[in-house]
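Each chain, written out:
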Amino acid sequence: MGLCLGTEDTEDEKKAKINSAKIDRDLYECAKREMNVVKILILGAAESGKSTLVKQMKIIHSNGFTKQELSSFKPAVLDNLLTSMKFVLHGMGVLRINLANSRNKVHAHSVLSCGRCFDEEQVLLPFLSHALSCLWADQGVRAAAARGYEYELNDSALMYDVGGQRTERRKWISCFEDVRAVLFVVALSGYDMTLVEDPSVNRLQESMKLFSSICNNVFFRSTSMMAFCKSTFSQFLCFQPTFSILFMNKIDLFQDKISHTGRHLRLYLPQFKGADCDVDSAARFILATFVSLNNSPKKLIYHHFTTATDTSNIQVVFQVVMETIIKENLEAVSLL
Ligand SMILES: Nc1nc2c(ncn2[C@@H]2O[C@H](COP(=O)(O)OP(=O)(O)OP(=O)(O)O)[C@@H](O)[C@H]2O)c(=O)[nH]1
Ligand SMILES: [Mg+2]
């Protein structure tokens, strides 16, 4: 009896036990949730389409964006509008294209001299809104915008961020823990463009160099993050992804350039011997060049031709990607 009384819990001890049981349950639930999380690392050179893909995922799987999130994009969109129009106006100088309507000169001046384009409420300044509408209605501006690739107007200036630029890449390393798949995004349409940060370097060549270093792990060998992929099937089972997934993105812009602009692939990649205007063989040639950069015969390279701005395209492609990842991960732990 005395022994029994001696082991009876005080109120504090009871509370502590209840708390401890709750923590155990939470940890268990959290671990269970983690088991179902597939962490995918999306890499690629600047402007290849990484952020666009992430946004598509949010639209497809997380009920899109809240009003607040949408309005947080507004300054970037408005800034881009201004920057892009400035770019086109400069392009008109390069291409020696005049404004169709000389009365628009005043609008061109106000755009070129404008620093900030929106007010505290993030509303486009009225004079600028008017100037942009007038300029966009001008056939000279339209002609210069259509030839944007000749002075390297960004493919679409919406939502520019710096994640893929050279200076940003060291941040990638910390993202490499618990990753189940590496998805590398290539902007096919960059074959005739140069880097913003170094105009002497071709964008596709830069992307190839980057893919080669990631695919062959040179990029990560210089860090202590080599055994980066910890399987959630077993806490201490380590494996490296035996596959990569290539998103050959911006196929829409690529198709347009190859078919209609006379900027033939052979002019930028002399090894390409296919016919001019043959989009399919040009895209497959670039794909083959990327695949050939993989030095490991054991490593599989899956690929998809994508348009990241097209939600329905990405929805279909991502379904296939998820099946690939699940199959490969099950194989890696010998469950298949
Ligand atoms: N037409 C077209 N535009 C695309 C496609 N993918 C992306 N874009 C546009 O290309 C621009 C760059 O895309 P982002 O998703 O910001 O590129 P990113 O890889 O995140 O770029 P960084 O963050 O600079 O590394 C954006 O304006 C996109 O809207 C595509 O498949 N087709
Ligand atoms: Mg980005």
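An unreviewed UniProt entry lists the chain under the name Guanine nucleotide-binding protein G(O) subunit alpha, with Gambusia affinis given as the organism.

Draft legend 1. Structural context of the pattern of salt bridges. The tally for this structure, following the rule as stated, stands at seven salt bridges. Among the ionic pairs, aspartate 276 bridges to arginine 266, the shortest N-O distance being 2.7 Å. One end of the pair, aspartate 276, is in the loop between α10 (251-260) and α11 (279-291); the other, arginine 266, is in the loop between α10 and α11, with ten residues separating them in the sequence. Take arginine 266: its relative accessible area is 36%, and that puts it in the partly exposed class.

Draft legend 2. Main features of the packing of aromatic side chains. Across all of its chains, the model carries six aromatic pairs by this definition. Between tyrosine 191 and phenylalanine 254, the aromatic rings sit 5.5 Å apart at their centres with planes inclined by 80°, giving edge-to-face as the arrangement. Of the two residues, tyrosine 191 is situated in the loop between β2 (181-187) and α8 (203-215) and phenylalanine 254 in helix α10; the sequence distance between them amounts to 63 residues. Look at tyrosine 191 and you get buried, because its relative accessible area is 1%. Look at phenylalanine 254 and you get buried, because its relative accessible area is 0%. Taken together, Phe184, Phe211 and Phe290 form an aromatic cluster joined through their ring pairs. The residue whose ring lies beneath lysine 55 is phenylalanine 73, and the NZ or CZ to ring-centre distance is 5.5 Å. For the cation-ring pair, lysine 257 lies above tyrosine 191, with the distance from its terminal atom to the ring centre recorded as 5.7 Å.

Draft legend 3. A look at α8. End to end, α8 covers 18 Å across 13 residues, agreeing with the expected 18 Å (1.5 Å per residue, within 8%). Counting buried residues in α8 gives ten out of 13 residues, a clear majority hidden from the surface. All buried positions along α8 are accounted for by Arg203, Leu204, Glu206, Ser207, Met208, Leu210, Phe211, Ser213, Ile214 and Cys215. For α8, the N-terminal cap is asparagine 202; the gap from its side-chain oxygen to the backbone nitrogen of leucine 204 is 2.7 Å.

Draft legend 4. Up close: the UniProt feature "binding site: Mg(2+)" (unreviewed entry) in the chain. In the numbering used here, UniProt assigns the feature "binding site: Mg(2+)" (unreviewed entry) to Ser51. With respect to the helices, strands and loops of the structure, serine 51 is situated in helix α3 (residues 50-61). A residue is classified by how much of its surface remains accessible, and serine 51, at 28% relative accessible area, is partly exposed.

Draft legend 5. Highlighting the packing of helix α4 (residues 67-95) against helix α6 (residues 126-136). The geometry of α4 relative to α6 is characterised by a closest axis approach of 12 Å and an angle of 45° between their N-to-C directions. Taken together, the axes of α4 and α6 are oblique relative to one another. In terms of crossing hand, the pair formed by α4 and α6 is left-handed. When α4 is examined against α6, the residues Leu81, Leu82, Met85 and Leu89 are found in contact with a partner set consisting of Leu128, Leu132, Leu135 and Trp136. The residue inventory of the contact of α4 with α6, partitioned by class, reads eight nonpolar, no polar and no charged.

Draft legend 6. Examining the nonpolar core more closely. Phe184, Leu246, Phe254, Ile286 and Phe290 are the most contacted members of the largest nonpolar core, which has 29 residues in total. Listing elements by their share of this core, those giving two or more residues are β1 (40-44), β2, α8, β3 (243-249), α10 and α11. When near neighbours in sequence (up to four residues on either side) are disregarded, phenylalanine 184 contacts Leu43, Gly44, Ser207, Leu210, Phe211, Ile214, Ile245, Leu246, Phe247 and Phe290. One finds Met92, Leu95, Ala131 and Ala144 within the second-largest nonpolar core, a separate group that totals 20 residues.

The rules behind the values
- Residues numbered from 1 in each chain as written.
- Chains lettered and ligands numbered in written order.
- Predicted model: local features only at pLDDT ≥ 70, side-chain atom pairs only at ≥ 80, totals over all residues.
- Heavy atoms only, no water.
- Salt bridge = Lys/Arg side-chain N within 4 Å of Asp/Glu carboxyl O.
- Helix = DSSP H or I, 4+ residues; strand = E, 2+ residues; numbered from the N terminus.
- Buried < 20%, exposed > 50% of the residue type's maximum accessible area, 1.4 Å probe, protein only.
- Phe/Tyr/Trp six-rings, centres within 6.5 Å; stacked < 30°, edge-to-face > 60°.
- Lys NZ or Arg CZ within 6 Å of the ring centre and 35° of its normal.
- Expected span 1.5 Å × (residues − 1).
- Polar contact = N/O pair within 3.5 Å; in protein donor to acceptor, adjacent residues only side chain to side chain.
- UniProt positions renumbered as here; feature names shortened; annotations may be inferred.
- Axes fitted to C-alpha atoms, helices over the stretch in contact; angles between N-to-C directions.
- Parallel < 35°, antiparallel > 145°, perpendicular 65-115°, else oblique.
- Left-handed = near helix turned anticlockwise from the far one by under 90°.
- Contact = heavy atoms within 4.5 Å.
- Nonpolar A, V, L, I, M, F, W, Y, C, P; charged D, E, K, R; others polar.
- Core = buried A, V, L, I, M, F, W, Y, C linked by side-chain atoms within 4.5 Å.

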